[in-house]
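# Per-entry structural report
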Amino acid sequence: MCAAATCLGAAAWLISGGQGQGSKRARLLFADGSGAVLPPWWSWERLLPVIRLRREWLCLPVALVPAIAGESPLPLIAGAVAVPLVRRWLRARERGKDEERRAEGVIGLCGATAGELRAGLQPGQALLYAARSTDVLGEAEASVLAAARFGGDVPGALREAARQPGAEGLAGVAACWRVAVDGGAGLAAGLDRLEAALQAERDQRAELKSQLAGAWSTIVLLALLPMAGLAMGWALGADPLRVLFHTPAGIACLVLGGLLEAAGLWWAGRIVRAGEKS
């Protein structure tokens, strides 16, 4: 017990950064060439990104609870199977968030460029300032900025950047740029109309998502009903996990119920996602 307490105290001292010459020596060791001090490997700044990237592995400790309670390895197998599925869902969720941020950036780019044009800047300079302030061009930022700075094919570079998911509005910016250059129309007025159209589309998507939130809540509630059934079995004095994991009939019901649950969730989610895209 004394050795364990000593180890815990040392770990806490290391995590907190320590005091005196030890902490100074660690700070100097992890400093880069510019003089900035890098966080040590045990700091939360380094550990939290790893935790965020590996959230799908939480399926295993969650599956460990019913595995211990039911004295069966089946929940652990199901948890291991769920890891790649949860990873795929998390990545799709992150991609959706990136698309939303990029769409918001396109709207901001239109408004910022129109504002810079009204302030008296040339179109190329206005696009340069707006692109740097919104950071929406992504990998195509270098080509767009180079075209705007040196008089290149700005509409072509914008159409190339519009291929990114969520940045489809940049194709409208390219069209406004082409019309303004070839036909002499006002670029600021066209960008204002494009910004209003993109904002209306964004508000429509947000309203549709809020209307479908009730449907997603119903899907989650239906998915949790089997857990409620197991809890009711325990409340009545039965042992549902022993029946499910250790009897042939229970294993058959578990497999069939799991397949029906997965099929129902997939079908309900498909219906709701189809409504979101419509």
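Thresholds applied
- Residues numbered from 1 in each chain as written.
- Predicted model: local features only at pLDDT ≥ 70, side-chain atom pairs only at ≥ 80, totals over all residues.
- Heavy atoms only, no water.
- Helix = DSSP H or I, 4+ residues; strand = E, 2+ residues; numbered from the N terminus.
- Buried < 20%, exposed > 50% of the residue type's maximum accessible area, 1.4 Å probe, protein only.
- Contact = heavy atoms within 4.5 Å.
- Areas by Shrake-Rupley, 256 points an atom, 1.4 Å probe, with all protein chains shown as cover.
- Lys, Arg positive; Asp, Glu negative; His and termini not counted.
- Salt bridge = Lys/Arg side-chain N within 4 Å of Asp/Glu carboxyl O.
- Patch = residues over 30% accessible without salt bridge, like charges linked within 9 Å, V, L, I, M, F, W, Y side chains within 5 Å.
- Phe/Tyr/Trp six-rings, centres within 6.5 Å; stacked < 30°, edge-to-face > 60°.
- Core = buried A, V, L, I, M, F, W, Y, C linked by side-chain atoms within 4.5 Å.
- pLDDT = per-residue confidence, 0-100.
- Axes fitted to C-alpha atoms, helices over the stretch in contact; angles between N-to-C directions.
- Parallel < 35°, antiparallel > 145°, perpendicular 65-115°, else oblique.
- Left-handed = near helix turned anticlockwise from the far one by under 90°.
- Nonpolar A, V, L, I, M, F, W, Y, C, P; charged D, E, K, R; others polar.
- Expected span 1.5 Å × (residues − 1).
- Arc of directions from axis to C-beta.

### Quick look at the overall build of the protein
When you go through the protein residue by residue, the secondary structure sums to 12 helices and 0 strands. Starting at the N terminus and walking to the C terminus, you meet the elements of the protein as α-α-α-α-α-α-α-α-α-α-α-α. Taking all 278 residues of the protein together, the buried fraction comes to 25%. At a minimum sequence separation of 6, the contacts of the protein that also span at least 24 residues come to 50%. Within the structure as shown, the protein displays about 18300 Å² of accessible surface, and the carbon and sulfur contribution to it stands at 66%.

### Some thoughts on the side chain of Glu195
Following the sequence through the fold, Glu195 ends up in helix α10 (residues 187–235). We note that Glu195 is buried and unpaired, the nearest opposite charge coming from Arg118 at a distance of 7.1 Å. If we skip the residues at most four places from it in the chain, Glu195 touches Ile107, Cys110 and Gly111.

### Some thoughts on a nonpolar patch on the surface
Side chains of Leu74, Ile77, Val81, Leu85, Ile251, Leu254, Val255 and Leu259 sit close together on the surface and give an oily, nonpolar patch of about 690 Å² of accessible area. Of all the secondary-structure elements, those providing two or more residues to the nonpolar patch are α5 (74–118) and α12 (248–277). Summarising the element assignment, Ile77 is placed in helix α5.

### Considering the packing of aromatic side chains
Between two aromatic rings, the relevant description is the distance of the centres plus the angle of the planes. Taken as a whole, this structure holds 1 aromatic pair when the rule is applied. Between Trp266 and Trp267, the aromatic rings sit 6.0 Å apart at their centres with planes inclined by 50°, giving tilted as the arrangement. For Trp267, a relative accessible area of 49% puts it in the partly exposed group.

### Remarks on the nonpolar core
Core analysis: the biggest nonpolar cluster contains 35 residues, and Leu137, Leu158 and Leu170 have the highest contact counts within it. Elements supplying a minimum of two residues to this core: α5, α6 (123–134), α7 (141–150), α8 (154–161), α9 (169–183) and α10. In this structure Leu158 touches Leu137, Val144, Leu170, Val173 and Ala174, once residues within four positions along its chain are discounted.

### Details of unusual backbone geometry
Backbone geometry at Glu71 places phi at a positive 55°, although glycine is not the residue there. The exposure class assigned to Glu71 is exposed, which follows from its relative accessible area of 66%.

### Quick look at the confidence of the model for the protein
On average, the protein scores 78 in pLDDT, and the residues at 70 or more come to 79%. Looking across the protein, the model is least confident in helix α2 (residues 20–29), with a mean pLDDT of 44, and most confident in α5, with 89. Contacts from residues 1–38, a stretch scored under 50 in pLDDT, to residues over four places away or in other chains number 19 contacts.

### Remarks on the packing of α5 against α6
How two helices pack is summed up by the angle between their axes together with the distance between the axes. Look at α5 against α6: their axes get within 8 Å of each other, and the N-to-C directions meet at 140°. Comparing the axis directions of α5 and α6 gives the class oblique. Every pair of crossing elements has a handedness; the one defined by α5 and α6 is right-handed. On α6, the residues that touch Gly105, Gly108, Leu109, Ala112, Thr113, Glu116 and Leu117 of α5 are Pro123, Ala126, Leu127, Tyr129, Ala130, Ala131, Ser133 and Thr134. Classifying every residue of the contact of α5 with α6 gives 9 nonpolar, 5 polar and 1 charged.

### As for the environment of Pro123
As for its position among the elements, Pro123 is in helix α6. Judged by its relative accessible area of 30%, Pro123 is partly exposed. Measuring from C-alpha to C-alpha, the distance between Pro123 and Ala188 comes to 9.1 Å, with 65 residues separating the pair along the chain. Non-local contacts of Pro123, meaning those with residues more than four positions away in its chain, are made with Leu117, Trp177 and Leu187.

### Some remarks on the packing of helix α4 (residues 59–70) against α5
Taken N-terminus to C-terminus, the directions of α4 and α5 make an angle of 160°; their axes are 8 Å apart at the nearest point. Judged on the interaxial angle alone, α5 and α4 are roughly antiparallel. Helix-helix and strand crossings are classified by hand; for α4 and α5 the assignment is right-handed. Along the contact surface, α4 presents Cys59, Leu60, Ala63, Leu64, Pro66 and Ala67, while α5 presents Pro75, Leu76, Gly79, Ala80, Ala82, Val83 and Val86. Class assignment of the residues belonging to the contact of α4 with α5 gives a composition of 12 nonpolar, 1 polar and no charged.

### Some points on α4
Between its terminal C-alpha atoms α4 stretches 17 Å, which fits the 16 Å expected from 12 residues at 1.5 Å a residue. All buried positions along α4 are accounted for by Cys59, Ala63, Ala67 and Gly70. Viewed along the axis of α4, the buried residues span an arc of 70°, placing them on a single side of the element. Exposed residues lying more than 90 degrees from the buried face of α4 are Val62, Val65, Ile68 and Ala69. Looking at the packing, one finds that the buried side of α4 touches α5 and α11 (240–246).

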